[in-house]
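What the coordinates show
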Amino acid sequence: GKVEIATKDAKVDVSPGDVATIRDADEQKAYERLLSPGLLELWSGGGSIGFAGTNGNAKTSTFTTAFGVARVTNTDKIYLDFNLIKASALINGQNASTAKAVRGGIGYDRNVGPRLFVNVFNDDEYDKFQNLDLRFVIGGGFGLHAVKNKRNVLNVLGGADYNHSSFSTPLIRNAAEAFWGDEYALKLTGASSLTQSFRMFNNLSDTGAYRVNFDIGVSTKIKRWLSWNLALSDHYLSNPVPGRKPTDWLYTTGLGITFAR
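A quick note: this is a predicted structure, and the numbers were derived from the prediction, not measured.

**Here's the deal with the packing of aromatic side chains**
- For the coordinates displayed, the defined rule picks out six aromatic pairs.
- On the numbers, 5.2 Å between centres and 45° between planes, the contact of Phe51 with Phe63 is tilted. Here Phe51 is found in strand 3 (residues 43-54), whereas its partner Phe63 is found in strand 4 (residues 58-72), with 12 residues between them in sequence.
- Ring-pair connections join several aromatic residues into one group, and the members of that group are Phe121, Phe179 and Phe201.
- Taking the ring centre of Phe201 as reference, the NZ or CZ of Arg211 above it sits at 4.1 Å.

Encoded structure:
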């Protein structure tokens, strides 16, 4: 038999087999918003700022900040991220070593099938204690939406990139790399969520050399717009400049804001 369905303009009779999806008014509004959004729409994300210090026998100060934003539609995704830490110390009138690291990137994903997507990205990095003045990486590849539901999103991806690294020693390295990795998002509770990203970069110009980037973050909403954030970022380099360790951890925590439009 036929069933009667009320549309925006009229009521129509259709066979049950012809009905693909039934949405309520709110679900339909959300679906239509994803069809042809403006470039300034659908952005969501957040950021945090942290301070710490002492004043007495030793005068120290630490400033950290981290943020990430993304625009996700039915067909593509644009994302940006940024992490910074700066620390200084004055002990017995002498300036001690200071830490300073800046990491950021931008990427774009475009769906070319129900589960397959193409990806392009640019990552930039400065690290004082690695003697790294600039690491500029640009590349792209393919990815697979391995898991996608209301609680979990897992993407696996791989491809190739160009890496330009300029050190203050001075040393300049230019290399082609092959990369693979994953991106994971988990909704822990109604207020808390976790994100994780992993990349393995194998140097094709200097066989045996490699880099590993691992980032993880947790965000808990305190209010609709206010959150507590924790971000950890570990970048490992198998062949650092002489006298430097191969890895540097960067961690930030503090209160932040979240937004969505």
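**Regarding the side chain of Thr258**
- Here Thr258 lies in strand 15 (residues 247-260).
- Of the polar contacts made by the side chain of Thr258, one reaches the backbone oxygen of Arg224; its length is 3.3 Å.
- Excluding its chain neighbours within four sequence positions, the residues that come into contact with Thr258 are Gly45, Gly46, Lys221, Arg224, Trp225, Leu226 and Ser227.

**Brief notes about a nonpolar patch on the surface**
- Where nonpolar side chains cluster on the molecular surface, the patch consists of Phe67, Leu80 and Ile106 and spans about 240 Å² of accessible area.
- With respect to the helices and strands, the residue Phe67 is situated in strand 4.

Reading guide: rules and limits
- Positions within a chain are numbered from 1, following the residues in the order the chain's sequence is written.
- In view of the model being predicted, local features appear only for residues whose pLDDT reaches at least 70, and side-chain atom pairs are presented and counted only at 80 or more, with totals across whole chains, interfaces and linings using the full set of residues.
- Here the side-chain values reflect all heavy atoms present in the structure, with hydrogen atoms and water set aside.
- Aromatic pairs are defined between Phe, Tyr and Trp rings, using the six-membered ring for Trp, whenever the two ring centres lie within 6.5 Å; interplanar angles under 30 degrees are classed as stacked, those over 60 as edge-to-face, and all others as tilted.
- Where helices and strands are cited, they refer to DSSP runs of H or I of at least four residues and of E of at least two residues respectively, numbered from the N terminus.
- Any Lys NZ or Arg CZ that is within 6 Å of a ring centre and within 35 degrees of that ring's normal is treated as a charge sitting over the ring.
- Here a polar contact is taken to be a pair of N or O atoms separated by no more than 3.5 Å, where protein atoms must pair a possible hydrogen donor with a possible acceptor and residues adjacent in sequence count only if both atoms sit in side chains.
- The contact criterion used throughout is that any non-hydrogen atoms of two residues lie within 4.5 Å.
- Each patch groups residues whose relative accessible area exceeds 30% and which form no salt bridge, using 9 Å between like charges and 5 Å between nonpolar side chains of Val, Leu, Ile, Met, Phe, Trp and Tyr.
- Working definition of accessibility: Shrake-Rupley area with a 1.4 Å probe, residue cover restricted to the visible protein chains.
- The rule for a salt bridge is simple: a side-chain nitrogen of Lys or Arg has to be within 4 Å of a carboxyl oxygen of Asp or Glu.

Functional significance is not addressed by these values, which are geometric in nature.
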